[in-house]
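Coordinate analysis (summary)
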Protein chains: 2
Amino acid sequence: MKLYTYYRSSAAYRVRIALNLKGLEREEAYVHLRRQEQRAPAYLKENPQGLVPTLIDGDVGIGQSLAIIEYLEETHPEPPLLPATPAARARVRQLALLIAADIHPIDNLKVLNYLTREMGVDEADRLKWYRHWVDEGLTALEALLAGNADTGRYCHGDAPGLADVCLVPQMYNAARFEVDMAPYPTLCRINDACLELAAFADAAPDVQPDAE
Amino acid sequence: MKLYTYYRSSAAYRVRIALNLKGLEREEAYVHLRRQEQRAPAYLKENPQGLVPTLIDGDVGIGQSLAIIEYLEETHPEPPLLPATPAARARVRQLALLIAADIHPIDNLKVLNYLTREMGVDEADRLKWYRHWVDEGLTALEALLAGNADTGRYCHGDAPGLADVCLVPQMYNAARFEVDMAPYPTLCRINDACLELAAFADAAPDVQPDAE
């Protein structure tokens, strides 16, 4: 398998964690987002959306981190990143999508750049924007996790899974923007538990070969 | 089953289509987004994120449209909304997530309201914002679908599935904002094919009991 990745991309970070949890080897290719390498014609052939990550597995090419991780789950089911029952799987997917669909897309680099370059938004309002959507999402996530009997050492039970794979990159991203994490004790506890695992620690942006 | 819905919510529209395609009966409860009913304490107990849709199935409550649809797919597999092979399933999920994670969240009502109310963005720039993200996403989607051998009458083959379930509400939404659809002939063709099916037509915003 080959993974197109960028060290600071939250979506690529998710896939790096998932590959590590499943113990899957891959070749990596680095796509420098700030240098706009994702818009190069050769890369757009692999991923017409011009985003990272892209996973190539033989003649299969997949974009969108959650589609990639569901594919890995189906093709390499052990260890599972989703629990066994439909209700539990729905809970984990809801938690993952809350992050991947409702926080991250509004706060990612291309949106922040549009605010600055196309709308003339200053740094203070850009930061306010970022923190508003992170706080809204993390508040809901904390409410869903805290005191829920299904929450364990990780987001669902005592084995790391898809929700944790999404949580840790979002927490890393929020820390970069100096979001106050005091309102999210459950998220912080789970994040810390994940980062004790090599699968998560080895996927962190700062230890990637393309880190700057 | 009980579905909390709002006629104009794209995410609720997706779940209405999926339920119809699978022939599943449900009770509906209406959550009026413009009147902020999604922030009412009673509703936040069902969905701490304060969004629609929410599906209640016995003692299982699920938010996030794609988590709900994957749950329906696992609990009521016929007719399937995902194809059989992991590679084909990944393709369909990628198409669905392109819409559900990369277009819709940036352009939904709460984000547009934030632009107007918190950032003082005028109507012209708000519309420019909307169209920018729709055009970026639909351009990639058209590239992924046009000329791909897996694309059929619908997004994947000749039976409607998860990608179509996401496409049709996005096309409806784009039409409301008068986006020029000429660059997207494949998307238009598939959208038209879907709307010939009662499952899609009966889920349309304008024919819902809570339509205004």
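From a predicted model like this one, the values you see are computed outputs, not experimental measurements.

Basis of the calculations
Residues numbered from 1 in each chain as written. Chains lettered and ligands numbered in written order. Predicted model: local features only at pLDDT ≥ 70, side-chain atom pairs only at ≥ 80, totals over all residues. Pairing = 2+ DSSP bridges. Helix = DSSP H or I, 4+ residues; strand = E, 2+ residues; numbered from the N terminus. Axes fitted to C-alpha atoms, helices over the stretch in contact; angles between N-to-C directions. Parallel < 35°, antiparallel > 145°, perpendicular 65-115°, else oblique. Contact = placed C-beta atoms within 7 Å. Core = buried A, V, L, I, M, F, W, Y, C linked by C-beta atoms within 7 Å. Buried ≥ 20, exposed ≤ 12 C-beta atoms within 10 Å, placed from the backbone. Nonpolar A, V, L, I, M, F, W, Y, C, P; charged D, E, K, R; others polar.

Let us look at the sheet that holds strand β2 (residues 27-30) of chain A. Residues and elements named next belong to chain A. Across the sheet, 4 strands lie side by side as β2-β1-β3-β4; this open sheet has mixed pairing. On the outer flanks of this sheet lie β2 and β4 (60-63), each paired with one strand and no other. Between one strand axis and the next, the sheet turns through 20 degrees on average, direction left out of account. Relative to β2, strand β1 (residues 2-5) is paired through 4 bridges, and the arrangement is parallel. Bridged to K2 within β2 is E27.

Time to look at the packing of helix α8 (residues 162-176) of chain A against helix α9 (residues 185-195) of chain A. All names here are of chain A. Contact pair α8 / α9: the axes reach a minimum separation of 10 Å and the direction vectors enclose 105 degrees. On the basis of the axis angle, α8 is roughly perpendicular to α9. Note on element contacts: α9 touches α8 through L187, I190, N191, C194 and L195, opposite D164, L167, V168 and M171.

Moving on: the sheet that holds strand β2 (residues 27-30) of chain B. All names here are of chain B. Overall, mixed pairing links the 4 strands, which are arranged β2-β1-β3-β4 in an open sheet. Of all the strands in the sheet, just β2 and β4 (60-63) have a single pairing partner and so form its edges. Recorded for the sheet is a direction-independent mean angle of 20 degrees between the axes of neighbouring strands. With 4 bridges connecting them, strand β3 (residues 54-57) and β4 associate as antiparallel partners. Within β4, the residue paired with T54 across the bridge is G63.

A few words now on the nonpolar core. The biggest cluster of nonpolar side chains holds 126 residues, and the ones touching the most others in it are A96 of chain A together with A96 of chain B. If near-sequence neighbours (up to four positions away) are discounted, A96 of chain A is found in contact with L66, L162, A163 and C166 of chain A.

All right, on to the interface of chain A and chain B then. The figure often quoted for interface size is the accessible area lost as the parts come together. With 34 residues of chain A at the contact, the number on the chain B side is 34 residues. Elements supplying a minimum of two residues to the side of chain A that touches chain B: β4, α3 (65-75), α4 (86-102), α5 (104-107), α6 (109-117) and α7 (123-145) of chain A. Among the elements that make up the side of chain A that touches chain B, the one with the highest residue count is α4 of chain A (11 residues). Looking at the side of chain A that touches chain B residue by residue, the class counts come to 22 nonpolar, 6 polar and 6 charged.

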